[in-house]
Amino acid sequence: MLNSYVETVDRKNSFLKFSRLGEKESKINYDNLVIATGTTPRRISLENSDLGGVHYLRSIADVEEIKKSLTGAKNMVIIGGGYIGLEVAAVAKTIGLNVTVIEMASRILERVTSPVISSFYHSFHESKGVKILTGTSVNGINGDTKVSSVETSSGTIDADIVIVGIGVFPCQSLAEECGIKTGNGIMVNEYCITSDSNILSAGDCTLHPSAFYKKDIRLESVHNAIEQGKTVASSIMEEFIPYNQIPWFWSDQYNLKFQIAGLNADYDNLIVRGSPKENSFSVFYFKNGLMVSSDCVNSAQEHMMSRRLIFNKSKINLEKLENKEINIKEVIL
């Protein structure tokens, strides 16, 4: 049912009210309801943030609007040095734009990876001609009907296009309004069931328990959305199979395939395998002697193997792991 918007969920009577474009409000009954509403971009709170040429990247419609803005454009400013910002920077630079990335934190990708990876991507983007400003805040956006420049703590930067990539919020208002428990996302158990046993949730909007990391996490990834969808389907069929996945992600920038397994927010040791200078290397993160995550650049075999090592909590010979000449399959003790 396209062009339809859910207004309310009546949990007591198991129906929802919704409106359709050009029609009166209707309702539909349910036995099981799945909320898979995803996320919405975090908006920048500045004057003129709605000028022509200022974009967020979340949907195909956003892509089409950005493509239109590229006609005749020379200068792109990207606010946010995360995956979205850097992927856009790579594409924009490849097609010939002057690109500046502005990041408030002390390094790009700070929230999601280690200084080793941040330093590598910073240097690689700069080698392609992208200007990266870290530790820099955005103070204003200038222009009449269309953006002309961006004011930063480091000065004014010309801009025909501005891409804002400063994170997302889970779309959980529908769940909140009908009394389902939420936190940083819609809270579900290991079967993707919410605080209402007839309502389930999957994808970027969910806050779910991780058996491996022993805490509740919310993930923004294709893999998580697909696997939680399978868990939801099983639960509806009363075949209760707990969700127990090692998170993994990827990012394509230029000719670099960046693959991530696990979460490296808490580690006490890391091993670098291979050489960043060759644009093919891996970083493995350990906690209490066990691998908890990995970052692999143009190293598909290491990525696939590390997912197995993390999940199985394998004991690993660190000297062998560090030696790229030794097959990674031989590092298990």
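As a starting point, this report considers the structure included with it. (Residues numbered from 1 in each chain as written. Predicted model: local features only at pLDDT ≥ 70, side-chain atom pairs only at ≥ 80, totals over all residues. Heavy atoms only, no water.)

## Regarding the overall build of the protein
Part 1: Looking only at helices and strands, the protein features seven helices and 24 strands.
Part 2: Against the globule reference of 20 Å for 333 residues, the protein gives a C-alpha radius of gyration of 22 Å, in line with a compact fold.
Part 3: Residues counted as buried form 44% of the 333 residues belonging to the protein.
Part 4: Approximately 17000 Å² of the protein is accessible, and the part contributed by carbon and sulfur atoms is 50%.
Part 5: Seen as two clouds, the 34 positive and the 38 negative side-chain charges of the protein have centres 3 Å apart. (Helix = DSSP H or I, 4+ residues; strand = E, 2+ residues; numbered from the N terminus. Rg over C-alpha atoms; globule rule 2.2 N^0.38 Å. Buried < 20%, exposed > 50% of the residue type's maximum accessible area, 1.4 Å probe, protein only. Areas by Shrake-Rupley, 256 points an atom, 1.4 Å probe, with all protein chains shown as cover. Lys, Arg positive; Asp, Glu negative; His and termini not counted. Charge placed at Lys NZ, Arg CZ, Asp CG, Glu CD.)

## Observations regarding the pattern of salt bridges
Part 1: Enumeration according to the criterion identifies nine salt bridges in this entry.
Part 2: E227 is the partner of K230 in a salt bridge, and the nearest nitrogen-oxygen pair spans 3.1 Å. You can see K230 and its partner E227 sitting in helix 5 (residues 222-236), three residues apart, about one turn around the helix.
Part 3: The residue E302 makes a salt bridge to K324 at a minimum N-O spacing of 3.2 Å. Remark: K324 occurs in the segment after helix 7 (318-322) and E302 occurs in helix 6 (residues 300-312); sequence separation between them is 22 residues.
Part 4: Judged by relative accessible area, E302 falls into the buried class, the value being 6%.
Part 5: Judged by its relative accessible area of 33%, K324 falls in the partly exposed class.
Part 6: Sharing partners across several salt bridges, the network here consists of R273, E302 and K324. (Salt bridge = Lys/Arg side-chain N within 4 Å of Asp/Glu carboxyl O.)

## Notes on the nonpolar core
Part 1: The biggest cluster of nonpolar side chains holds 47 residues, and the ones touching the most others in it are I117, Y121 and L321.
Part 2: Here this core gets five residues from one element, more than from any other, and that element is strand 23 (residues 280-287).
Part 3: The residues touching L321, leaving out its near neighbours within four places in the chain, are I271, R273, F284, F286, M291, I316, I328 and V331.
Part 4: Membership of the second largest hydrophobic core comes to 16 residues, among which are V54, V147, V162 and V164. (Core = buried A, V, L, I, M, F, W, Y, C linked by side-chain atoms within 4.5 Å. Contact = heavy atoms within 4.5 Å.)

## A closer look at a nonpolar patch on the surface
Part 1: On the surface, a nonpolar cluster with roughly 290 Å² of combined accessible area is contributed by V222, I226 and W250.
Part 2: Secondary-structure assignment places W250 in strand 20 (residues 248-253). (Patch = residues over 30% accessible without salt bridge, like charges linked within 9 Å, V, L, I, M, F, W, Y side chains within 5 Å.)

## A short note on the environment of D50
Part 1: Here D50 is to be found in the loop between strand 5 (39-41) and strand 6 (54-56).
Part 2: The spatial distance from the C-alpha of D50 to the C-alpha of I141 is 9.4 Å, given a sequence separation of 91 residues.

## Structural notes on helix 2 (residues 83-94)
Because each turn of an α-helix spans 3.6 residues, side chains separated by three or four positions end up pointing in the same direction.
Part 1: Between the first and last C-alpha of helix 2 there are 17 Å, a value that for 12 residues agrees with the 16 Å anticipated at 1.5 Å per step.
Part 2: Listed as buried for helix 2 are G85, L86, V88, A89, A90 and A92.
Part 3: Where the residues of helix 2 are buried, they touch strand 7 (75-79), strand 8 (98-102), helix 3 (115-127), strand 13 (161-164) and strand 20.
Part 4: Positioned one or two residues after helix 2, G96 has a phi angle of 105°, which is positive. (Expected span 1.5 Å × (residues − 1).)

## Let's talk about the pairing of strand 1 (residues 4-10)
Part 1: Across six bridges, strand 1 lies against strand 2 (residues 15-20) in antiparallel orientation. From the neighbouring strand, Y5 faces strand 2, where its bridge partner is S19.
Part 2: Counting the residues in the hairpin turn of strand 1 and strand 2 gives four residues, including S14, whose phi is positive at 55°. (Pairing = 2+ DSSP bridges.)

## Observations concerning the sheet that holds strand 16 (residues 185-187)
Part 1: Overall, mixed pairing links the four strands, which are arranged 15-16-18-19 in an open sheet. The open sheet has two free edges, formed respectively by strand 15 (182-183) and strand 19 (215-217), since each of these has just one partner strand.
Part 2: With three bridges joining them, strand 18 (residues 206-210) and strand 19 adopt antiparallel strand pairing. When the sheet's bridge partners are listed, P209 is paired in strand 19 with D216.

## So, the sheet that holds strand 9 (residues 131-133)
Part 1: In spatial order, the strands read 6-13-7-8-9; together these five strands make up an open sheet with parallel pairing. If you trace the sheet from one side to the other, it starts and ends with strand 6 and strand 9, each paired once. Pairwise comparison of adjacent strand axes, ignoring direction, gives a mean angle of 20° for this sheet.
Part 2: Inspection of the sheet shows strand 8 paired to strand 9 by three bridges, in the parallel sense. Paired with I102 across the bridge in strand 9 is L133.
Part 3: Against the sheet, helix 1 (residues 60-69) contacts strand 6 and strand 13, and its axis sits at roughly 150° relative to strand 6. (Axes fitted to C-alpha atoms, helices over the stretch in contact; angles between N-to-C directions.)

## Details of the side chain of Q259
Part 1: The topology assignment puts Q259 in strand 21 (residues 256-262).
Part 2: Excluding its chain neighbours within four sequence positions, the residues that come into contact with Q259 are F249, W250, S294, D295, C296, S299, A300 and H303.

## Focus on the pairing of strand 18
Part 1: Of all five residues in strand 18, four are buried; the element is thus mostly enclosed.
Part 2: Pairing of strand 16 with strand 18, which is carried by two bridges, proceeds in the parallel orientation. Note that in strand 18 the partner of M187 across the bridge is L207.
Part 3: Between strand 18 and strand 19, which pair antiparallel and follow one another directly, the connecting turn spans four residues, one of which, K214, has a positive phi of 60°.

Distances and angles like these do not, on their own, reveal function.
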